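# Descriptive analysis of the structure
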Amino acid sequence: MKSPEEVVQRLDAVDYLADEGLAMAVFLALRLGKPLLLEGEPGVGKTAAAKALAQALDTPFIRLQCYEGLTAGEALYEWNYQRQLLHIRLGQATDDASLFTEDFLLERPILRAVRHDGPTPPVLLIDEIDRADDEFEALLFEFLGEAAVTVPELGTFAATRPPVVVLTSNRSRDLHDALRRRCLYHWIEFPQPVQAAAIVRRAVPAASAPLIRDATEFIGRVRGLDLDKAPGLAETIDWVSALAALGATELVAGDTLRTLGTIAKTPDDRLTIAAAVPQESHP
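Criteria and thresholds
- Residues numbered from 1 in each chain as written.
- Predicted model: local features only at pLDDT ≥ 70, side-chain atom pairs only at ≥ 80, totals over all residues.
- Heavy atoms only, no water.
- Helix = DSSP H or I, 4+ residues; strand = E, 2+ residues; numbered from the N terminus.
- Buried < 20%, exposed > 50% of the residue type's maximum accessible area, 1.4 Å probe, protein only.
- Contact = heavy atoms within 4.5 Å.
- Areas by Shrake-Rupley, 256 points an atom, 1.4 Å probe, with all protein chains shown as cover.
- Phe/Tyr/Trp six-rings, centres within 6.5 Å; stacked < 30°, edge-to-face > 60°.
- Lys NZ or Arg CZ within 6 Å of the ring centre and 35° of its normal.
- Disulfide = S-S within 2.5 Å.
- Polar contact = N/O pair within 3.5 Å; in protein donor to acceptor, adjacent residues only side chain to side chain.
- Core = buried A, V, L, I, M, F, W, Y, C linked by side-chain atoms within 4.5 Å.
- Patch = residues over 30% accessible without salt bridge, like charges linked within 9 Å, V, L, I, M, F, W, Y side chains within 5 Å.
- Salt bridge = Lys/Arg side-chain N within 4 Å of Asp/Glu carboxyl O.

### A word on the overall build of the protein chain
A tally of regular secondary structure across the protein chain gives 13 helices and nine strands. Over its C-alpha atoms, taken along the principal directions, the protein chain stretches across nearly 80 × 45 × 35 Å. For the protein chain, with 283 residues in total, the buried portion stands at 44%. When contacts within the protein chain are restricted to residue pairs at least 6 apart in sequence, those whose partners lie at least 24 apart make up 72%. For the protein chain, the accessible area works out to roughly 14400 Å², and carbon and sulfur atoms hold 52% of it.

This is how it looks when you write it as C-alpha cells:
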C-alpha cells in the first residue's frame, strides 16, 4: 500500500471503513515494518481491523487470543512430547539432542508467523494482550523488536519477511513501556453516527435508511450514559438486525424496549438505556 489513501480504499473494498487516523497508522506500520498496537473501548473494531487488513493484503491471517495464564508453549512453540516418547520407546533416540530437532517442534501462532514461507508475510493478530499476564509480555520483546523467536535447543528463527503484527488492548491493565516502545500506536474511537450508519448499512443492507440513522444516533447518545459496558459496533449491528427482523422501518419506543437485550448486557445498563428512550416516542 503506497499511501494512507490507498489503505482507506483497500480496506473499504473489504467492507471495513477506516478513518484517516487509522489509515495513517496502518500505512506507517506497513512502511516501517513495525508492530501496531490498537487500543480502544470494546466494540470499536480493533480485531476487525486486523482481519480486514489480511483480506486487503490477500495474505494469511493468524490469530493469537490472549488470556490469563497464556504460556510460551501456547503462543510461541512447544515440543511434541508424545512423538518424543514414541521415539524413545522405539529405540531411535541416540541422545537427548536427537529428541530436540525440528521434527518434534510444534509451531504455535507466533513461531508459525515467523516461519511462514509464502510469497507475502501473514498478518498476525495478538488479540487482547492486556488479558495476558505481565510475564507473557516479556516473551514478546524479542519477537516484536526483531521478528525472531529463539528456541534454546535449536537457535534463533528470524523471519525472512517479517509478519504484519497487530496487537489489540482494551486497557484492562497497563502494558509495559518496553512493549509500547516496540510498537506504533493508535487509539480507535467509537465512530461518529454518520460513519457508524455507513458501517451498519453494509452489515445490514435490508434495514431502512431511517432506521439505521435513528439507531446509530441513539447509540451515540447512549454511550454518554453511565453504563457498565457501552454498546459497540457489534451490538449496534445486532440491534439493527433485530429491528429489521421485526419489520421495523423506523425507530419507535416499543421496538426499542423489546430489543434492549441486543445492546444492554447487564440489568443496570438495561434500566439506564430504557430510561433514555424518548418518552414522546412511546406508543
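### A closer look at the packing of aromatic side chains
Per the stated rule, a full pass over the model turns up two aromatic pairs. Seen in terms of ring centroids, Y77 and W79 are 6.5 Å apart; in terms of plane orientation they differ by 80°. Their pairing is edge-to-face. Comparing Y77 with W79 shows no difference in burial state: the two are buried. Plain terms: the ring middles of F218 and W239 are 5.7 Å apart, the flat faces sit at 50° to each other, and that makes the pair tilted. Of this pair, F218 sits in helix α10 (residues 209-222) while W239 sits in helix α11 (residues 233-245); the two residues are 21 residues apart in sequence, bridging distant segments of the chain. Judged by its relative accessible area of 0%, W239 is buried. When the ring centre of F190 is taken as reference, the NZ or CZ atom of R223 above it lies at 4.0 Å.

### A look at the state of the cysteines
Applying the stated rule across the entire model yields zero disulfides. The thiol of C66 is unpaired, and the distance to the nearest cysteine sulfur, on C183, comes to 12 Å. You can call C183 buried: its relative accessible area is 9%.

### Remarks on the side chain of N80
Looking at the secondary structure, you find N80 in the loop between β3 (77-79) and α5 (81-89). Here N80 falls in the buried class, since its relative accessible area comes to 17%. A polar contact of 3.1 Å, which involves the side chain of N80, links it to the backbone nitrogen of R83.

### Re the nonpolar core
Counting residues in each nonpolar core, the largest one holds 35 residues, and the members touching the most others are I110, I126, I129, F136 and L179. Elements that contribute at least two residues to this core include exactly β2 (61-65), β3, α6 (109-114), β5 (123-127), α7 (134-146), β6 (148-151), β8 (164-169) and α8 (177-181). It is α7 that contributes the most residues to this core, five residues altogether. For F136, the contacting residues outside a window of four places in its chain are L64, C66, L70, T71, A75 and I129.

### Points about a nonpolar patch on the surface
A surface patch of nonpolar side chains, amounting to about 260 Å² of accessible area, comprises M24, L28 and L32. Within the element layout of this structure, L28 appears in helix α2 (residues 20-32). For L28, a relative accessible area of 34% corresponds to the partly exposed category.

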